[in-house]
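So the chains spell out like this:
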Amino acid sequence: MSTSVATVPAVEPDALPRRGGSDARKQTRAAAWLIAPAVALLVLFIIIPIGLMFTLAFTDAKLVSPRPPRLVGFDNFSRLFTDPLFWRSLQNTAVFAIVVVPVQAGLALVLALLVNVKLKGVNLFRTVYFMPVVTSIVVISVLWQLMYLPDGLFNSLLAQFGIIGPDWLGDPTTALFSIIALSIWQAVGFHMIIWLSGLQTIPVEQYEAAAVDGANAWQRFVHVTWPGLRQTRTFILVTITIAAMGLFTQIQVITQGGPLDSTSTLVFHAFRTGYAQQQTGYASTISTAYFLIVLAISLLQRYFTRDKEVTR
Amino acid sequence: MTTTRTPGKPTQTAALPEGRSKQRSGWRLVGAYAGRSLALLAFALPLLFMLMSSLKPDTQIFRDMRGVEAFLPVGDISLDNYLAVFERVPFWTFLTNSVLISVATVVLGVVVNSMAAFALSRMVFPGRKVILGVIIATLIVPFETFALPLLWWINKLPYYDGTTGWLDTYEAQIIPFIANAFSIFLFYQYFDSIPKELDEAAIVDGAGWFTIYAKIVMPLSGPAIATVAILTFLPAWNQYLWPLMVVQSEELRPVMVGIDYFKQLNTSWGQIMAYASLITVPILALYVAFQRSFISSIASSGVKG
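The structure reproduced in this document is the subject of the present report. This is a predicted model, so every value here is computed, not measured.

What counts, and where the lines are drawn
Residues numbered from 1 in each chain as written. Chains lettered and ligands numbered in written order. Predicted model: local features only at pLDDT ≥ 70, side-chain atom pairs only at ≥ 80, totals over all residues. Heavy atoms only, no water. Helix = DSSP H or I, 4+ residues; strand = E, 2+ residues; numbered from the N terminus. Rg over C-alpha atoms; globule rule 2.2 N^0.38 Å. Contact = heavy atoms within 4.5 Å. Lys, Arg positive; Asp, Glu negative; His and termini not counted. Charge placed at Lys NZ, Arg CZ, Asp CG, Glu CD. Buried area = accessible area lost by both parts, 1.4 Å probe. Salt bridge = Lys/Arg side-chain N within 4 Å of Asp/Glu carboxyl O. Polar contact = N/O pair within 3.5 Å; in protein donor to acceptor, adjacent residues only side chain to side chain. Phe/Tyr/Trp six-rings, centres within 6.5 Å; stacked < 30°, edge-to-face > 60°. Lys NZ or Arg CZ within 6 Å of the ring centre and 35° of its normal.

On to the overall build of chain A, then. Helix and strand counts for chain A stand at 15 helices and 0 strands. For 312 residues, the compact-globule estimate of 2.2 N^0.38 gives 20 Å, and the C-alpha radius of gyration of chain A, at 26 Å, exceeds that figure by more than 25%. Principal axes of the C-alpha set define a box for chain A whose edges measure 90 × 75 × 40 Å. At a minimum sequence separation of 6, the contacts of chain A that also span at least 24 residues come to 67%. Charge centroids of chain A, computed over 21 positive and 15 negative side chains, lie 6 Å from each other.

The next point concerns the interface of chain B and chain A. The extent of an interface is frequently quoted as the accessible surface area lost upon association of the parts. Taken together, the 111 residues of chain B in the interface contact 107 residues of chain A. Both sides of the chain B and chain A interface together cover about 9,900 Å² of buried area, and 75% of this is carbon and sulfur. Our enumeration of links across chain B and chain A arrives at 0 salt bridges. For the interface between chain B and chain A, the tally reads 16 residue pairs in polar contact (both at pLDDT 80 or more).

Each aromatic ring pair is specified by the distance between its two centres and by the angle formed by the two planes. For the structure shown, the criterion picks out 44 aromatic pairs over all chains. Look at B:Phe118 and B:Trp209: their rings are 6.2 Å apart centre to centre, the planes differ by 65°, and that puts the pair in the edge-to-face class. Highlighted residues: B:Phe118 in helix α4 (residues 91-122) and B:Trp209 in helix α10 (residues 209-217), separated in sequence by 91 residues. Through pairs of rings, three or more aromatic residues link up here, namely A:Phe125, A:Tyr129, A:Trp144, A:Tyr148, A:Phe154, A:Trp168, A:Phe177, A:Trp185, B:Tyr33 and B:Phe43. Note that A:Arg79 overlies the ring of A:Tyr282, its terminal NZ or CZ placed 3.7 Å from the centroid. The ring centre of A:Trp226 lies 4.2 Å from the NZ or CZ of A:Arg233, which sits over that ring.

Residue and element names in this part refer to chain A. Assignment of secondary structure puts Thr255 in helix α13 (residues 249-255). When the C-alpha atoms of Thr255 and Gly198 are compared, they prove to be 36 Å apart, with 57 residues separating the residues in sequence. Every residue in contact with Thr255, bar those within four places of it in the chain, is listed here: Leu169, Ile179, Gln250 and Thr263.

So this is what it looks like as structure tokens:
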């Protein structure tokens with residue numbers, strides 16, 4: 001570090017005398033050059049597309065079409081409200097989120113408690129629990145597809161107990177549940193780490209004090225751990241919900257929304273409409289609706305969790 | 001960023017009250033390992049099953065599922081599935097593409113985002129707060145919501161050779177993902193923690209802002225660079241939806257899209273597992289080698305909320 005400072009003067013030796021009133025202007029110009037690439041790319045590939053999402057939602061834009069998109073007012077939105085596939089997808093997405101949020105958060109907390117101890121080899125456990133998180137969801141999807149086959153791993157296991165398992169992914173009553181299980185398996189390690197960093201902010205003294213008072217493990221959890229995780233809880237709730245609402249890749253790789261639309265989700269429906277059917281306009285309407293739903297839910301969650309924090 | 005480290009912080013262990021008999025705590029230890037090992041199996045066995053199945057013919061894969069053989073390298077073990085993979089798809093082309101796309105996105109992303117964060121964190125200029133606010137605000141919009149409008153838009157952009165539309169190019173797979181609001185945010189936070197006196201000293205010595213950025217601040221920002229690199233690399237390597245939409249030519253496809261080749265006619269599960277292992281094992285090896293950085297980087301994507 002000191003060496004790099006020392007080498008600096010050689011670069012612009014004559015910069016000193018010229019510096020004076022124009023200092024601020026020079027700084028602004030240098031800042032503009034430094035920021036320009038990032039800002040240009042963000043505008044071009046994030047801000048404009050976000051703006052386009054809201055605008056194209058009111059047009060009949062096609063993915064590939066010689067003529068420019070035409071404004072159609074709220075036509076796409078009235079179509080949305082009468083689109084049975086949209087409602088079905090919304091319902092599937094909601095079921096997925098309602099199951100995944102508590103189950104994944106709970107399992108992740110259990111895992112976090114398991115690895116938050118001084119125990120020889122605990123690092124190995126944490127490393128392995130986290131492995132699915134760094135594995136591609138595409139790979140995990142095909143792997144679980146093999147395990148879910150009618151004569152796959154799960155049914156072979158069930159057969160040991162004399163149970164004839166269902167066609168997990170081929171049966172509309174079990175398909176969404178099967179997607180839920182693999183999704184939790186893949187992502188739970190991520191939230192384990194988030195819980196873990198929350199657990200480590202709880203002062204050891206509080207546990208020691210509880211132990212002195214003769215509190216058992218459950219009491220320590222209820223009176224020390226759980227209250228200490230208040231902020232982590234809010235964060236986990238919001239992030240799992242947002243991630244769950246975005247369910248897509250597993251569906252695209254494994255079921256393509258089937259059987260009988262039982263695994264079609266909002267993002268999958270938007271993708272199917274906008275890419276497979278090339279209707280960018282209507283897909284933007286679905287995306288806009290999806291965005292507003294996610295935004296509303298996370299605002300509500302924040303509002304309610306914040307409220308509780310105040311009253312406690 | 002090292003908050004995920006446990007050693008030296010016995011939060012739950014303080015748990016074991018004194019005065020219990022040695023035998024009891026011995027059983028407790030066994031129980032502690034048993035529970036944790038059960039969870040370990042739940043995560044490790046499916047991945048092990050993938051690896052082992054990649055070495056077996058399909059008939060044996062299904063036969064072995066009836067017992068523990070599914071997780072063991074027994075029976076008719078060979079690399080036939082791997083050889084078949086290389087015959088069936090241009091694996092090295094896919095791999096080169098994925099490496100090229102991921103590395104380019106990481107390198108350009110680190111440079112572009114750190115430059116912007118440097119100016120936002122350490123320089124004074126009009127509009128600084130507004131720009132920072134707009135960048136952070138874009139974080140609330142998930143990528144999947146504007147992926148389709150982005151596809152439409154990219155299709156309309158002029159390409160450097162005078163044609164219209166970026167479909168079927170490397171650029172379409174790299175350039176939209178270089179600038180990243182979250183990376184800017186991570187760099188911004190880190191740069192804020194580096195004393196600004198260093199800049200002042202350098203300015204007195206006659207250094208320009210680019211010099212301060214490149215020679216002083218960046219060399220001090222190793223951990224932030226590692227975090228951004230990992231958080232850019234993983235999604236770039238795992239890209240699936242986007243290349244599926246923007247790439248038609250086989251010679252431009254990345255590895256994840258390659259998996260679709262095996263799901264078309266005559267599915268061979270052994271080959272699928274071989275291909276899945278080929279594109280997963282290198283990443284898992286990197287993860288195990290640098291697990292601390294991986295875990296703390298991914299956990300730092302936690303502060304986003």
